[in-house]
Structure formats: C-alpha cells, structure tokens
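# Secondary and tertiary structure notes
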Amino acid sequence: MINHRNNDCKPHAIITQNLSFRILKLNANLLLILLLLAPLFYSHAQDLSTINGQYAAAPLEEVILDIEKQTDYKFYFLDSWTTGITVSSSYKNESLNSVLQSILDNTTLNYYILTSSKRIILLENTIVYDELPKGFFGNEEIVSANSNSRDRNNAPPPTFYNTTKRTKREYDVAKVGKSDPNNLQETYLLTGRAINSKTGDPIQDLAIRVKGTNQITVTDVTGNYKLELPAGYNILSVRAMGIESTERELIMFNNGNLDLLMEEGLQQLDEVVVEADAFKNVEEAITGSEQIDSENSKNIPLVLGERDILQVAKALPGISSAGEGAMGLNVRGGKTDQNLVLLDDAVIYNPQHFFGIFQALNPFTTKGVDIYKGAIPMEFGGRLSSVFDIRTKNGNEEKVSGEGSIGPVTANLALEIPLEKDKSSLIVGARGAYADWILRSLDDEALNNSNASFFDGILKYHNKINEKNEVKATAYYSRDAFSITSDSLYNYDNRLFSVRWDHRINDKTNSALIVDNSNYGFGIDFDGETNTDFNLDYSINETELKYKLRTLLNDKNTLDYGGSAKYYSVNPGSIEPDGDQSDVNSQFIDKEQAIEGALYVGDEITFNDKLSVNLGVRYAFFAAMGKSTQRTYENGMPKNESTVQDTISYSSGENIKTYGGPELRLSTRYLFTPDFSVKASLNNSYQFLHTLSNNTTVSPIDTWKLSDLNIEPQKGYQASLGFYKNFKENEYEVSVEGYYKKMENVLDFKTGANLFLNENVETQVLQGDGKAYGVEFLLKKKSGQLNGWLSYTYSRSLYRFDSEFSEERINNGEFFPSNFDKPHDVSVITNYRFTKRYSISANFVYQTGRPITYPVGTFRFNNSDYVAFSERNEFRIPDFYRLDLGLNIEGNHKKKKLAHSFVTISVYNVLGRNNPYSVFFVTDDGEVKALQSSIFSIPIPSITYNFKF
C-alpha cells in the first residue's frame, strides 16, 4: 500500500529514474510542461524544523511517525520499502534534512521534500530532478526552483524507460544501487553471482551480454561476475548450457550487486562432447586452458565402455601419454610428475586404475575438470607443466537421486541424499571391478594366470549455511591389487580428504579456507619357492592449508591473493621378511620431511572492452628438514662413492636446505572483434618433488623424491601465443596456439641405476636441461546433429645431460628425444545424433611412435658376449593409430518413470591394429631378437547399461 493516510498528493513536476514508482504518472509532454512551470506550484527550500529523538533498533516506520509528530510534514512511501530497516541513533536539535540523510544513509531510499505542501516523498533507489541539466536545450541554462538541490550541471540527462516488454519468464525490473547526486556517473559497476535456483550451486561460464552491444562477461568458477553498465536502463541477455536462457531488465542508479537466480533449462539440448561457454574461449585472458564435463563425455567410445575424462583429455591438443595402457599424462612435452592433479583441492598422486586403462574417479560423482597447460592461475604451484583441477558434484538437496552403470569390467553407483531441504546434502559413490578376465585376453602368455582388481569410493558433504557461508567436505579412497606373476602381489592406494569453507566477506570480496590431506602408497608382497619371502612398502603423505581471496576493487581491477603452507612426510621404502623362515634382512630408509609454502597476489586488469591483462607474482618456498643423514661430495666431481667428502647428520626438524624464488604469471588478451582474439602468456615455476624411475613408461611403483642437499628443484619457463576465433554464431570454435618451454634440473637415471631402497639415490640419477615446443590446433563444432572436434599437435620434447665426466653424460651431451616425444598427434572425436534417443560416435587417434633405444650390434670381450646399444632414444617404435565406434541409445524421455536409462554399445580398436606398447629384446641361441608387446591387439566389444533415477 501507499503511505500516508492522507493520500491526496497532487502530481508534481519531477523526473525519476524509476517508473515503478507509480504515484506520479505523467506522459512525457505534460512532464516537460510541468517542469517549466514547477516554480509556480511549489517551492522546495531548506526546512528549519529540528528533530529530537533516541532510537535503539527502532523500525524505520516508527521513526518516520515520530518525525511526523515533531513536524508538520507527512511522509509518502510504500510499506515494502521500509520492511526490515531499523534505526539506531540519537538526535538533539538536528535539522530535518540531516536526520533524513542519517536514517536513510545505509538504505536504498532517498527523499524529496515538498516544502509548500509539507510533504516528504520517499523514493526507492532514485533521486528527483527538479531542473534540467545544462545544455538540455542547447546552451541555455534552467535555474532551479529548488534552493536545496545540488549542482547537477554535469549529470547525464534523464532517461524515459519503457518496461512493458518482458521475456518468457517474468522478472521484476531490478533496481541497482542508490542514486547519489554527489556521485553521478555515466557508467556504474554491476557485480553479482549466478546461482542455480534448484541446487544452489554457483553457475560457472554463464555468458552475460548487454543487449544491443558487443559487451559481454563470463562468470568464474564461483559464479561471480562483474560488468560496467551505462547509468539507467539496461537489458542483460543471459545464457549457458543446461540453464534456461533469459533476459533481465535493470536500472543502474549506482554501483551495486545483482545476484542472478537461474532456472535449469527444460528444453532438450543437442549432445556435445566438451562444452565451454560460447564466448569463454575468446574472452578469457588465460592461454592453454581446456574444460571437460563428465556428463557430456558419455558419448565418446572408450575402452570397455567406461566413461573417462582423463582419456578424453588425451584427445585434446598438447596432452598425450607414453602409450596405450601407460599411466600418467604428458602435457606439452613435460614428464608425468610435472602435472598437479587435484580432486576437490587435494592432491591425488595416481588418478588411474589398472595400468592407466581406467580412471580412478567415479564418473557419476565427478562434475568435470579444468585443465591449465599454458597460463596457470596464481593459486596453483609446485608443478612445471599443468594443473588438472577435478571437481565433484554437489548432492541433490531436494530428493534422493542416483546414477549407476553395469559394464563388462566395472560397476558404478552414486547416490545423492538430501540432509536438509534446499540446504545440505550428501553424495556417496562406489565403484568396483571384476577385471581378471581382461588380463587373460592380453597378447602375452605369461599373463594368462594373472589377476587384477580395483575399487574406489567417495563421500562428499555440502552445506549452504547461509547466503555468505558454504562448506564442502570430501573423502576419497582407491586401491588396486594385481598379480602379474604367480609369486608377487602388487598393490597401490590413494587416500585424501579436504574441507573447504567459502565465505562471502562483502559484496566485493570472496574467500576460501581449505584444509586437505593426501596419501599415496604401494606395496609388494613376495611369496616365492625359496626362503626369500618379503613385504615391501612405500608412501608419501602431505597436509596443506590454503587461504585465497578475490576482491573486485573496481570496474577495472579484480585482485586475487592468498597463501598456502604444506607439510610432506615421505617413507622412501622399507622391506621386511615375511615369515620366520625368510632369509631377507629388514631394511628401512630414513623418512624424509619438508615444508613448502607460497604467497601470491595478482590483478586482473580490464583496460577497456578489448584489452585485458592478468598480472601477478607468486613466491614459492621449500625447506628440506631432518631427521636425515646427507652426504657432501667434492666440488666439480661426479657424485659416487669415491668422491664422498663428508656425511652430515641432521636432527628431527632441523633445516637441511632451503630453495625458492618468485614465479611470474602474466597473460593478456586482445579482442579484435567480439568473436576473435589473440592471447599471450609468460610464466615460470618451481617443482620441489621428483619421481624416480628407470622404466620407459610410468609404473605404479615409481617413487617420489623430495629435493634435498644434493637434488635441486626443477625449474620451468614457458611462453605461449594463440589466436582464437568463433564462427556461425559460436557454433564453430577454432584456435591455434604455439608454445616454447625451457626446463632445468630435470631428473633422469644413469644406465643400470638402482633407485629403490637406495640411501644415496643422488649417485644413481642425473639432473639436466629440457626444452619443449610445439603448435596446437583445435577445431570444435559445439552444436547441431553432428558435433565433436578435431585436434592436431606438432610438438617436440628434448633433454640434455652434459658433463665433463662420461658417467654423467648421455648421448655425448647433446639434446635427445624424451621417452614421450611424439612429433605428430591427431585426434578426431565425432558424435552424430539421428534422433533425441539415438546417436553414433567415433574416436580416431594417430600418433608418431615413441622413441626407444635399440641394440645395434654385439662384441666379445674376455671370452664373453656383450650387446652394443644405440644412442639413447635414437629409434622409434611403429606409429600408433586406432579407431573406436559406439552406438548410444537413450531410453524414452517420459518424466514419470522409475529410472532413465542410457545404453552404450562400443567397439574399441575396430581395425584390430596391433599397436606396440613396448619393444624388448631377448637372446635366443646367441642371436638378439626384438619382440613387441601390445595391450589391445584385437577389437574389444563392450556394452554398458547406465541408469539414472
């Protein structure tokens, strides 16, 4: 209702920026006439009334009524405007104007005094103009009849707004900010957060466009956005995948906040494989970033029908592995240990099962992964090549729901359980394998009696405490056990948990406090025919505390800053006899300890609509700590037993060696047009962990080693430049990006090195230089019946180990290809939808064969035969290529049914290509022979049934 009780106010000549204030209804012509005649109708002068009062959390309406009693004035306003507003102040002989300014200061309300009629009109957001701005009728100047009005000669002219047009979903016109005559601007900053109205989750990559312009912004991972808008009326066009597209009308009175509560889309969407926002690839300033959605990867035919975002990642440019069935990923020529893999903020050291064939992540609890291989955000550190930021879903907060699958090798199930409606939920995922039969089908007779199994489980709790606080907690465990030979049982496991508290400090600052712990370990249980039974163990554990903040300083600057601290504890290995009859001696390598920390600050600078720069610095720190025994070696001499100079013992917690330095993070984007941009980045980083391995490919029993007195941290430097273009209303996306990377202190092994259970491992390894460079091309079609992408990468990865001593030199000190150097890599992913229920998919991969060291001859010495090998990695195994096909069948789309189904029928390696996994050599009757092993040398059919309820 409209207050006051005496509702007899007559129209006055005013212009307001908010026509939803319906008391004063004038057409434009009458309004202009009344403006000119305003001095004849009333005068608006400084009122000399004084107010006395003492208010303690008094409702604003009560304060207004008290002022009415002390003066002759009557107030006019809407009841809804004062609801929930309280006043806690005291006044003694204060003027009416000063009291009104005080009680309305922290609200969205302004006021206008009509002195002649003794009326005070409250206005929501708006101010009243009782004069036209200077120059409105050319150079003439209108003199105000309101002696209390402030100088508005520089104010923008008033705008008449038409708010009759509405989109398909009705929203009220949003009013942002409170008009301030002392701070009238042509543009104001709009900030806010996009939220899924059903789940309460923040909406990432929501495209927000200012209608009628090319101005656009995209929400970040926490759903936040910022946009500079003209003063007055604007229309925002908002859309994202899975979200109902809409338009929002708003009026900008000042800087302010507008949260967008978005509905999930009800229309059937075309299938896509990897979907970023329509403009994100062009708009954001970060180079070399990719995003994979777990749900949208279901149509890609992979081995045995298992949905796998890490396998999908290999089909993106710049990402590969050493071979089919190889563990770990190689990103832009980097080693597998140079990738930081995070699951809900906690490190997962080995995210793969069964020699890399399956991911160790439940696809039904996994939301997606953000991959950074170029400009890595400042909050991440500790690795040289990339970051895989994997996120799990939040549980359903309204009803119990679930998703599962049954396939030839694995069975998955995920349940989403609401704990408190619209507030908190729990998601539980479990996954197991019955994979023994697959080993028997491999092309190796020695594996016929082998067995293997794995399982993983995840638990996530999510609670939206209130609008400013949100808590998430994740616990995860996975375990693999396999027996390749009849006498040895191998096992490895991952364990992690993380707790994250997101806090909205104010409208401009968000924070996140994170505590996490990760553990990775492996073991070997040997049970032989002789008295040599033993149990072998290794583990690495880390605990981390992180605090990060993001502040919108103004419409040009967004500040990111924070810090982290991490504690490492490594059990380098132990071996114990298994049983009283075992002749094996116990051996324990001293535990390693270290702390790692970082502080960072950066600014996302928007110079204008075309130029954006991310600039920051991160200082990384590492300290190796005792208890430990370290050797020193003669300067300028190779590290071996004969050059040992001294042995130093460090007590528990004593500092052994510190490393660290600044890390620059610079990336920039320039928009030539709204759909075409160029980006460049430059960064450097430190890595204080190393993997020790003398295998050609990654093994689950490779060990991690901390930097110490004799092993220095790795250093990396990368520069990249790329061009990004969208076509046909963003249906097609094209990018070309080149990079150059330089590495220092990378680790490799000496010939014949013994790395495990070695107290002085520095005598078995070398540290040298590396370089990698390449060009990545990506063509993506994101919608329509036919969608998918084509990626091509040309890249080289080279290492050099040079020394004046031959035992520390490889290939005469020249650069040579790394084990994972594959110059040409082509991937084609396609999906064709016949109807909304039926589609076919194809996946084609071609790669250059990886390098290998061959025997090139034999020689005889002291009546013994020896093999002479080539230079390291001088030759290559045959090229790799594979074609996979899949048929996807969705159940009917009836809304009321117990469960919705999705069936995938796929054939992996349709062509039956006998792709080599490795080449090894044996001596047969004095002759050296080369043998090839393959993982899947025949077509592998599979059928997987998925259900969702």
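See the structure printed just above.
What you see is a predicted model, and the numbers here were worked out from it, not measured in a lab.

The next subject is the overall build of the protein chain. Tallying secondary structure elements over the protein chain gives seven helices and 60 strands in all. A fraction of 67% describes how many contacts in the protein chain between residues 6 or more apart in sequence connect residues 24 or more apart. Carbon and sulfur atoms form 53% of the exposed surface of the protein chain, whose accessible area is close to 41200 Å².

The subject of this paragraph is the sheet that holds strand E11 (residues 207-210). Spatially, five strands are ordered E9-E15-E14-E11-E12 in an open sheet, and the strand pairing comes out mixed. Whereas interior strands pair on both sides, the edge strands pair on one side only; in this sheet they are strand E9 (174-176) and strand E12 (216-218). When the angles between neighbouring strand axes are averaged without regard to direction, this sheet yields 30 degrees. In this structure, E11 lies alongside strand E14 (residues 232-240), joined through four bridges in antiparallel fashion. By the bridge assignment, alanine 207 is partnered in E14 with arginine 239.

Take the pairing of strand E28 (residues 410-420) next. Of the strand pairs in this sheet, strand E27 (residues 401-406) and E28 are connected by six bridges, and their pairing is antiparallel. Bridged to serine 401 within E28 is glutamate 416. Two successive antiparallel strands, E27 and E28, enclose a turn made up of three residues. Bridge count for E28 against strand E29 (residues 424-433) is 10 bridges, and the pairing is antiparallel.

This next bit is on the side chain of serine 841. Its location among the elements puts serine 841 in strand E51 (residues 838-847). A polar contact is formed between the side chain of serine 841 and the side chain of asparagine 831, at a distance of 2.8 Å.

Moving on: the sheet that holds strand E21 (residues 339-343). Within a sheet, adjacent strands bond to each other through the backbone by hydrogen bonds, running parallel or antiparallel. Spatial strand order, E18-E25-E26-E21-E22: five strands in an open sheet with mixed pairing. In the strand order of this sheet, the two ends are held by strand E18 (289-293) and strand E22 (346-347), each with one partner. Of the strand pairs in this sheet, E18 and strand E25 (residues 366-372) are connected by five bridges, and their pairing is antiparallel. Paired with aspartate 293 across the two strands is glycine 368, which belongs to E25.

Another aspect to go through is the pairing of strand E34 (residues 534-552). Bridge count for strand E33 (residues 509-526) against E34 is 18 bridges, and the pairing is antiparallel. Across the sheet, isoleucine 514 pairs through a bridge with lysine 546, a residue of E34. Sheet topology places E34 next to strand E35 (residues 557-577); 18 bridges connect them, and they run antiparallel. Residue pairing for E35: phenylalanine 534 is matched across the bridge by proline 577. Here E34 folds back onto E35, and the loop between the two strands holds four residues.

A word on the nonpolar core. One finds Tyr349, Ile540 and Phe622 to be the most contacted residues of the largest nonpolar core, which totals 53 residues. Sequence-distant contacts of isoleucine 540, that is, excluding residues within four places in its chain, are made with Tyr349, Ser518, Asn519, Tyr520, Ser569, Val570, Leu689 and Trp704. One finds Val331, Leu343, Leu361 and Ile371 within the second-largest nonpolar core, a separate group that totals 28 residues.

The next thing to look at is the packing of helix H2 (residues 60-70) against helix H4 (residues 96-103). Where H2 contacts H4, the axes come no closer than 12 Å and their chain directions differ by 175 degrees. When the axes of H2 and H4 are compared, the pair comes out roughly antiparallel. Together, Leu60, Val63 and Ile67 of H2 and Leu96, Val99, Leu100 and Ile103 of H4 make up the contact between the two elements. Grouping the constituent residues of the contact of H2 with H4 by class yields seven nonpolar, no polar and no charged.

Moving on to the environment of serine 651. Note on placement: serine 651 falls in the loop between strand E40 (644-650) and strand E41 (655-673). For serine 651 and glycine 626, which are 25 residues apart along the polypeptide, the C-alpha to C-alpha distance reads 5.3 Å. Excluding residues within four positions of it along the chain, serine 651 makes contact with Gly626 and Lys627.

Here the focus is the side chain of glutamate 762. Tracing the sequence through the fold places glutamate 762 in the loop between strand E46 (732-749) and strand E47 (765-781). It is arginine 631 that comes nearest to the buried, bridge-free glutamate 762 among opposite-charge side chains, at 5.3 Å. Setting aside anything within four residues of it in sequence, one finds glutamate 762 in contact with Arg631, Tyr633, Lys639, Asn710 and Ile711.

What follows covers the packing of aromatic side chains. Tallied over the entire structure, the rule returns 19 aromatic pairs. Pairing tyrosine 349 with tryptophan 704 gives two aromatic rings, centres 5.1 Å apart and planes at 75 degrees, and the pair type is edge-to-face. Taken together, the residues tyrosine 349 in the loop between E22 and strand E23 (352-353) and tryptophan 704 in strand E44 (residues 703-706) connect sequence positions 355 residues apart. One exposure class covers both tyrosine 349 and tryptophan 704, and it is buried. Judged by centre distance (5.2 Å) and plane angle (25 degrees), the rings of phenylalanine 672 and phenylalanine 676 are stacked. For phenylalanine 676, a relative accessible area of 26% puts it in the partly exposed group. Here lysine 771 stacks its cationic end above the ring of phenylalanine 815, 4.4 Å away from the centre of that ring.

Looking at the secondary structure, you find leucine 755 in the loop between E46 and E47. Separated by 52 residues in the primary sequence, leucine 755 and threonine 703 place their C-alpha atoms 8.8 Å from one another.

In this structure the tally under the stated criterion is 38 salt bridges. Residue arginine 504 is joined to aspartate 259 by a salt bridge in which the shortest nitrogen-to-oxygen separation is 3.4 Å. Separated by 245 residues along the polypeptide, arginine 504 in strand E32 (residues 488-504) and aspartate 259 in the loop between strand E16 (256-257) and strand E17 (260-262) bring together distant segments of the chain. Measuring nitrogen to oxygen at the nearest pair gives 2.9 Å for the salt bridge that ties arginine 391 to aspartate 370. Remark: aspartate 370 occurs in strand E25 and arginine 391 occurs in strand E26 (residues 386-392); sequence separation between them is 21 residues. No difference in accessibility class separates arginine 391 from aspartate 370, as the two residues are buried.

This brings us to H4. The set of residues buried in H4 consists of Leu96, Asn97, Val99, Leu100 and Ile103. When H4 is viewed along its axis, its buried side chains cluster within an angular range of 165 degrees and face the same direction. Against strand E3 (50-59), H2, strand E4 (74-78), strand E5 (86-95), strand E6 (109-114) and strand E7 (119-124) lie the buried residues of H4.

With that out of the way, let us pick up unusual backbone geometry. Glycine 626 connects to lysine 627 through a cis peptide bond whose omega is 20 degrees. The backbone of asparagine 812 sits at a positive phi, close to 60 degrees, despite the residue not being glycine. Relative to the helices and strands, asparagine 812 is located in the loop between strand E48 (786-800) and strand E49 (816-817). Phi angles above zero are rare outside glycine, and asparagine 873 is one such case at about 60 degrees. With respect to the helices and strands, the residue asparagine 873 is situated in the loop between strand E54 (864-869) and strand E55 (875-876). Overall, the relative accessible area of 6% leaves asparagine 873 in the buried class.

Three or more residues of H2 are buried, namely Leu60, Val63, Ile64, Ile67 and Glu68. With its buried residues spanning 145 degrees around the axis, H2 presents them on a single face.

Attention shifts here to the environment of alanine 680. One can find alanine 680 in strand E42 (residues 676-687). Setting aside residues no more than four positions away along its own chain, alanine 680 makes contact with Thr287, Leu666, Ser667, Thr668, Ser720 and Leu721.

A surface patch of like charges, here negative, comprises Asp525, Asp527, Asp537, Glu576 and Asp578. By the element assignment, aspartate 578 lies in the loop between E35 and strand E36 (587-588). Under the relative-accessibility criterion, aspartate 578 is labelled partly exposed at 35%.

The next point concerns a nonpolar patch on the surface. A grouping of Leu786, Tyr832, Phe834, Tyr838, Ile840, Leu887, Ile905 and Ile943 is seen on the molecular surface, where their side chains present a nonpolar patch of about 680 Å² in accessible area. Among the structural elements, leucine 786 can be located in strand E48. The exposure class assigned to leucine 786 is partly exposed, which follows from its relative accessible area of 43%.

Criteria and thresholds
Residues numbered from 1 in each chain as written. Predicted model: local features only at pLDDT ≥ 70, side-chain atom pairs only at ≥ 80, totals over all residues. Heavy atoms only, no water. Helix = DSSP H or I, 4+ residues; strand = E, 2+ residues; numbered from the N terminus. Contact = heavy atoms within 4.5 Å. Areas by Shrake-Rupley, 256 points an atom, 1.4 Å probe, with all protein chains shown as cover. Pairing = 2+ DSSP bridges. Axes fitted to C-alpha atoms, helices over the stretch in contact; angles between N-to-C directions. Polar contact = N/O pair within 3.5 Å; in protein donor to acceptor, adjacent residues only side chain to side chain. Core = buried A, V, L, I, M, F, W, Y, C linked by side-chain atoms within 4.5 Å. Buried < 20%, exposed > 50% of the residue type's maximum accessible area, 1.4 Å probe, protein only. Parallel < 35°, antiparallel > 145°, perpendicular 65-115°, else oblique. Nonpolar A, V, L, I, M, F, W, Y, C, P; charged D, E, K, R; others polar. Lys, Arg positive; Asp, Glu negative; His and termini not counted. Salt bridge = Lys/Arg side-chain N within 4 Å of Asp/Glu carboxyl O. Phe/Tyr/Trp six-rings, centres within 6.5 Å; stacked < 30°, edge-to-face > 60°. Lys NZ or Arg CZ within 6 Å of the ring centre and 35° of its normal. Arc of directions from axis to C-beta. Patch = residues over 30% accessible without salt bridge, like charges linked within 9 Å, V, L, I, M, F, W, Y side chains within 5 Å. Charge placed at Lys NZ, Arg CZ, Asp CG, Glu CD.

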